[in-house]
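# Structural characterization, general
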Amino acid sequence: MTTQTSTPATAGKPGFRLPKWAGSFGFQIIAALIVGLGLGLLAKYTGSTKADPNALGATLQTIGSSYVSLLQTAVVPLIFTAVVSSISNLRAVSNAARLAWNTLLWFAITSLIAVLIGIGLGVLLQPGANTGIDGQGEAPSKVGSWWAFLIGLFPKNFLGLGASTTVTDGVATTAVSFNVLQILVIAIAVGIAALKVGKAAEPFLNLNASALAVIQKVLWWIIRIAPLGTVGLIGNAVAVYGWDTIGSLGKFTVAIYAGLALVLFVVYPVLVRSHGLSIKQYFSGVWPAVQLAFVSRSSVGTLPLTQRVTERSLGVPRGYASFAVPLGATTKMDGCAAIYPAVSAIFVAQFFGIQLDFTQYLLIALVSVLGSAATAGTTGAVVMLTLTLSTLGLPLAGVGLLLAIDPILDMGRTAVNVAGQALVPTIVAKRQGILDESLYNAPRNGDPFADDTDAVDGAVNADADNDAGAAAPAERELAAAKA
């Protein structure tokens, strides 16, 4: 009897592996953009329209809308738990009041710079002159006003939720919506109350921290499939809007994206360099969040990734980042609340032949700097634009002219918003001497999920986070649930 010894056929022969760069989140997003662009063009030139999509167009639309719905599902609990935790985390941060004040100050400074760039481009490029567009557009269904903003500060219920019912052909449809500003007010009040209560509030804060960790884990799963969502979102945008729509408002589109590019690639790098930090390290650190923001068009949906790269890649201590980043996600919007309303207001004035004077330009700057919070409370850049137009006394019907290309513009606006939401905490942390520069200058691998520790998330005591500026990335993540 003979004994045979079997040897695996693959022994000594390594299996096929993708290059390391091909597995990075950034590469996957870029690849998805290219695939989505190709599929979108294919759908458009095979007859797909917004009103009557073909099979490919409908598939892209379903994938894109489903992904955005997944992101939006967690928005309400995410904002509430993140803000409550961020306020409670300020206990472990020295000079908390100074950090909060400096954060708000730099929010205002960067917004002012952005709106001045928007005004300059509007005056220089004259986007509303000789457009060749007929008609005056329709007034928007939602209109912003300062009174509505003030009323919106007062929550109608504990969750800041509202419902509206529409009847079409005898069928009633009810849609539930949420007011981000009201949720923010509720969360701030609860967080401050918990701090005042003291020790008796510890069980509540621990429960809130655990809930936040669970919500963020669910969002990580959603963010991991962002490349699939990207294919649907970009493909649907190209199939529905194509290049024709952009071409009809070409100068306006160029003015908006020129302003966004100047802020993202000139203003932000100048601020980074003026604080003695590496521009390359800033962009390589924040880029995964910028990419997701571009395709998802949601600052709040991108919040978990923005906070992760701010802490792990840019070296901002978790105790401070968990306060500044959620606050920025709801109120810091250089794209939506500064550049866009400035250029758009000038476009509307030029389109209707209305001459703006110096005082009105000052009003545009004032409304844009103060209006970021109003944008959060009244859902979107379009409503922020109506707030600006109302303040200037310009025709609201002009907004209808711009709605056709709003989704295309919103991608760039949101990307700039998120880049600024990570920049300001980095600058403030550097100025206050709490930035972990060794972490900021560490090599990047392009993958924000590289040091996930699913099995032991939240296992480390919160005391480990008190030295967040010097902690290793994995240790800082382990302390997240109880921070």
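Preceding this paragraph is the structure being described.
These numbers were taken from a predicted model, which means no experiment stands behind them. Note on numbering: residues in each chain are counted from 1, in written sequence order. This being a predicted model, a pLDDT of at least 70 is required before a residue's local features are given, and a value of 80 or more before pairs of side-chain atoms are given or counted; all residues contribute to the totals for chains, interfaces and linings. To get the side-chain values, take all heavy atoms of the structure and skip hydrogens and water.

For Phe, Tyr and Trp, where Trp contributes only its six-membered ring, two rings pair if their centres lie within 6.5 Å, and the inter-plane angle classes them as stacked under 30 degrees, edge-to-face over 60, or tilted in between. The full count for this structure, using the stated rule, is seven aromatic pairs. The rings of F252, Y340, F347, F351 and F352 are connected pair by pair, giving a single aromatic cluster. If you follow R413 out to its NZ or CZ, it ends over the ring of Y340, 4.3 Å from the centre. When the NZ atom of lysine or the CZ atom of arginine is within 6 Å of a ring's centre and also within 35 degrees of its normal, the charge is said to sit over that ring.

Looking now at the environment of L212. Helical segments are the DSSP runs of H or I of at least four residues, strand segments are the runs of E of at least two, and each set is numbered from the N terminus. On the secondary structure map, L212 appears in helix α7 (residues 202–224). Along the chain, L212 and L78 lie 134 residues apart, while their C-alpha atoms are 6.6 Å from each other. Ignoring sequence-local partners within four residues, the contact set of L212 consists of L78, T81, A82 and S85. We call two residues contacting when some pair of their heavy atoms lies within 4.5 Å.

Our next topic: the packing of helix α2 (residues 55–73) against α7. Axis lines are fitted to C-alpha atoms, over the contacting stretch for helices. Their N-to-C directions set the angle, which ranges from 0 to 180 degrees. Running from amino to carboxyl end, α2 crosses α7 at an angle of 160°, the nearest separation of the two axes being 10 Å. Judged by the angle between their axes, α2 and α7 are roughly antiparallel. With respect to the hand of their crossing, α2 and α7 are arranged in left-handed fashion. Residues Y67, L70 and L71 of α2 pack against L219, I222 and I223 of α7. Any angle from 65 to 115 degrees is called roughly perpendicular, while one under 35 is roughly parallel, one over 145 is roughly antiparallel, and all others are oblique. Working rule for handedness: look at the near helix, and if it is turned counterclockwise from the far one by less than a right angle, call the crossing left-handed; if clockwise, right-handed.

Here we take up the side chain of S298. With respect to the secondary-structure elements, S298 resides in the loop between α10 (279–296) and α11 (303–312). Those residues in contact with S298, other than ones at most four positions away along the chain, are A293 and T414.

As a further point, take helix α9 (residues 250–274). A rise of 1.5 Å per residue sets the reference length of α9, with its 25 residues, at 36 Å; its end C-alpha atoms lie 35 Å apart and thus fit the reference within 8%. The seven residues ending at a residue and the seven starting there each receive a fitted axis; the angle between those axes is the bend at that residue. For α9, the principal kink sits at V263 and spans about 30°. Residue G276 follows α9 closely and has a positive phi angle near 75°. A helix is expected to span 1.5 Å for every residue after the first.

Glancing now at a nonpolar patch on the surface. A cluster of nonpolar side chains, contributed by L262, F265, V266, V270 and W287, occupies part of the molecular surface with about 430 Å² of accessible area. Element by element, the count of residues in the nonpolar patch is highest for α9, at four residues. Of note, F265 is situated in helix α9. Relative accessible area decides the class of each residue, using a 1.4 Å probe on protein chains only: under 20% of the type maximum gives buried, over 50% gives exposed, and in between gives partly exposed. The class for F265 is partly exposed, based on a relative accessible area of 47%. A patch consists of residues exposed above 30% relative accessible area that lack any salt bridge, with like charges linked at up to 9 Å and nonpolar side chains (Val, Leu, Ile, Met, Phe, Trp, Tyr) linked at up to 5 Å. Shrake-Rupley sampling with a 1.4 Å probe provides the accessible areas, and residues are treated as covered by the protein chains on show and by no other component. Just to be clear on terms, a salt bridge is a Lys or Arg side-chain nitrogen sitting within 4 Å of an Asp or Glu carboxyl oxygen.

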